Amino acid sequence: MQIGLVGLGKMGGNMRERLRRAGHTVIGFDTNPAVSDVPHLSDLVDQLEGPRAVWVMVPAGGPTQEVIDRLASLLKHDDVVVDGGNSRWTDDEKHAKELAARGIGFVDAGVSGGVWGLEHGYALMVGGEKEYVERLEPIFEALKPDGPYGYVHAGKVGAGHFAKMVHNGIEYAMMQAYAEGWELLEKVNSVDNVREVFRSWQDGTVIRSWLLDLAVNALDDDEHLRRLRGYAEDSGEGRWTVEAAIDNAVPLPAITASLFARFTSRQEDSPQMKMVAALRNQFGGHAVEKKA
């Protein structure tokens, strides 16, 4: 299958490579000419055969809106746009309506996999009309992990990003639990090999997970995380999850507390936030702040 890909950063660039390895033709555009296949977005559209499919992988908000506005003027009837960034689900409804006015389809895709997705695949949560989702299934199948799981048509427009938002909210709470446990183990005098305690949990325990594996990776690199400042950003999806919970009267005490815990890192060098920062760097390549 042929597809255009806009945004060739840490995830977009790896997605292009994974799709090409699967035999798909990918024409990529990025504002960085060193990684772009074409000099202009219009060139990407011109090189695609109709009906075209263009996957947008740029930051949420203004950058995504700018690209979709430009694509709306370049694409034709029955083409389709996929937003694979971390957009808010309410933006999806707006984008779908704007594109539908021109006869262009829209699909939202929540994508999880970070910097590891090239080799291991990306979990995909997709929203949109069945017609457009089915057309794109060869792309979804190539991007997802091997095996029966990792891709779901979650529902109508907005469902993919809503599902990814909840996924990220759960991720917040899981990282916070590991971070709290790590700090407590580091604090007491009786435990003198915290890293190996974490390693021992990787097999045979009910709390084993990929996040635990990544925590061990981080501790192998910096056993007591002394090189990190205890500061961790919140991406926005944690806030959106809590806001959606309020709107729907759904109690989310663990996720809400984990979001608020991120705010503690704004005031002090929080030991828990060192672990959260290390985990975000491990799975997503997110920047960390080093101590001076």
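Look above for the structure.
Residues numbered from 1 in each chain as written. Predicted model: local features only at pLDDT ≥ 70, side-chain atom pairs only at ≥ 80, totals over all residues. Heavy atoms only, no water.

(A) Here's a closer look at the overall build of the protein. Secondary structure assignment for the protein yields 13 helices and 7 strands. Against the 2.2 N^0.38 benchmark of 19 Å for 292 residues, the protein shows a C-alpha radius of gyration of 20 Å, consistent with a compact globule. Judged by the C-alpha coordinates and their principal axes, the protein covers about 65 × 40 × 40 Å. Burial statistics for the protein: of 292 residues in total, 49% are counted as buried. (Helix = DSSP H or I, 4+ residues; strand = E, 2+ residues; numbered from the N terminus. Rg over C-alpha atoms; globule rule 2.2 N^0.38 Å. Buried < 20%, exposed > 50% of the residue type's maximum accessible area, 1.4 Å probe, protein only.)

(B) Representation of the packing of aromatic side chains within the structure. Under the counting rule described, the total for this entry stands at 6 aromatic pairs. With a centroid separation of 6.1 Å and 70° between ring planes, the pair formed by W55 and F140 is classed as edge-to-face. On the criterion of sequence distance, the pair formed by W55 in strand β3 (residues 53-56) and F140 in helix α7 (residues 137-143) is long-range, its members being 85 residues apart. One exposure class covers both W55 and F140, and it is buried. In this arrangement the basic side chain of R262 is found over the ring face of Y172, its NZ or CZ atom lying 3.9 Å from the centre. (Phe/Tyr/Trp six-rings, centres within 6.5 Å; stacked < 30°, edge-to-face > 60°. Lys NZ or Arg CZ within 6 Å of the ring centre and 35° of its normal.)

(C) Structural view of unusual backbone geometry. In this model, G50 is joined to P51 through a cis peptide bond whose omega is -10°. Here P51 is to be found in the loop between α2 (41-47) and β3. We note that L225 has phi near 55°; this positive angle belongs to a residue other than glycine. Along the polypeptide, L225 turns up in the loop between α10 (210-221) and α11 (237-247). Under the relative-accessibility criterion, L225 is labelled buried at 1%.

(D) Summary view of helix α1 (residues 10-21). Compared with an ideal rise of 1.5 Å per residue, which puts 12 residues at 16 Å, α1 spans 17 Å between its outermost C-alpha atoms and is within 8% of the ideal. Burial in α1 covers these residues: G12, G13, M15, R16, R18 and L19. Of the residues flanking the end of α1, it is G23, one or two places downstream, whose phi is positive at about 95°. (Expected span 1.5 Å × (residues − 1).)

(E) Structural context of the pattern of salt bridges. All chains considered together, the criterion is met by 18 salt bridges. E17 is the partner of R21 in a salt bridge, and the nearest nitrogen-oxygen pair spans 3.1 Å. In this pair, R21 and E17 both sit in helix α1, 4 residues apart, roughly one turn of the helix. Here R21 falls in the exposed class, since its relative accessible area comes to 51%. Of the residues examined, E17 reaches a relative accessible area of 33% and is grouped as partly exposed. Across the pair R135 and D78 runs a salt bridge whose closest N-O atoms are separated by 3.0 Å. Placement of R135 in helix α6 (residues 130-135) and of D78 in the loop between α3 (62-74) and β4 (80-83) is noted, with a sequence separation of 57 residues between them. (Salt bridge = Lys/Arg side-chain N within 4 Å of Asp/Glu carboxyl O.)

(F) Molecular detail of a nonpolar patch on the surface. The grouping of V166, I170 and M174 at the surface amounts to a nonpolar patch, some 220 Å² of accessible area in total. Locating I170 in the fold gives a position in helix α8 (residues 159-187). For I170, a relative accessible area of 43% gives the class partly exposed. (Patch = residues over 30% accessible without salt bridge, like charges linked within 9 Å, V, L, I, M, F, W, Y side chains within 5 Å. Areas by Shrake-Rupley, 256 points an atom, 1.4 Å probe, with all protein chains shown as cover.)

(G) Here's a closer look at the sheet that holds strand β7 (residues 151-155). A sheet is described by the order of its strands in space; here 7 strands give the open sequence β2-β1-β3-β4-β5-β6-β7, paired in mixed fashion. Strand pairing shows two members of the sheet lacking a second neighbour, β2 (25-29) and β7, which therefore form its edges. When the angles between neighbouring strand axes are averaged without regard to direction, this sheet yields 25°. Of the strands in this sheet, β4 and β5 (105-112) are in contact with helix α4 (residues 89-100), which crosses β5 at around 150°. (Pairing = 2+ DSSP bridges. Axes fitted to C-alpha atoms, helices over the stretch in contact; angles between N-to-C directions. Contact = heavy atoms within 4.5 Å.)

(H) Representation of the nonpolar core. Judged by nonpolar contacts, the single largest core of 25 residues is most densely connected at W55, V107, L124 and F140. Secondary-structure elements contributing two or more residues to this core are β1 (2-6), α1, β3, β4, β5, β6 (123-128), α6 and α7. Residue contributions to this core peak at 4 residues, all from α7. In this structure, M175, A179, A261 and A278 belong to the second largest nonpolar core, which totals 24 residues. (Core = buried A, V, L, I, M, F, W, Y, C linked by side-chain atoms within 4.5 Å.)

(I) Examining the pairing of β6 more closely. In terms of burial, β6 is a largely internal element, 5 of the 6 residues being buried. Where β5 meets β6, 6 bridges bridge the pair, whose relative direction is antiparallel. When the sheet's bridge partners are listed, D108 is paired in β6 with G127. Of the strand pairs in this sheet, β6 and β7 are connected by 4 bridges, and their pairing is parallel. Bridge pairing in β7 links G127 to G155.

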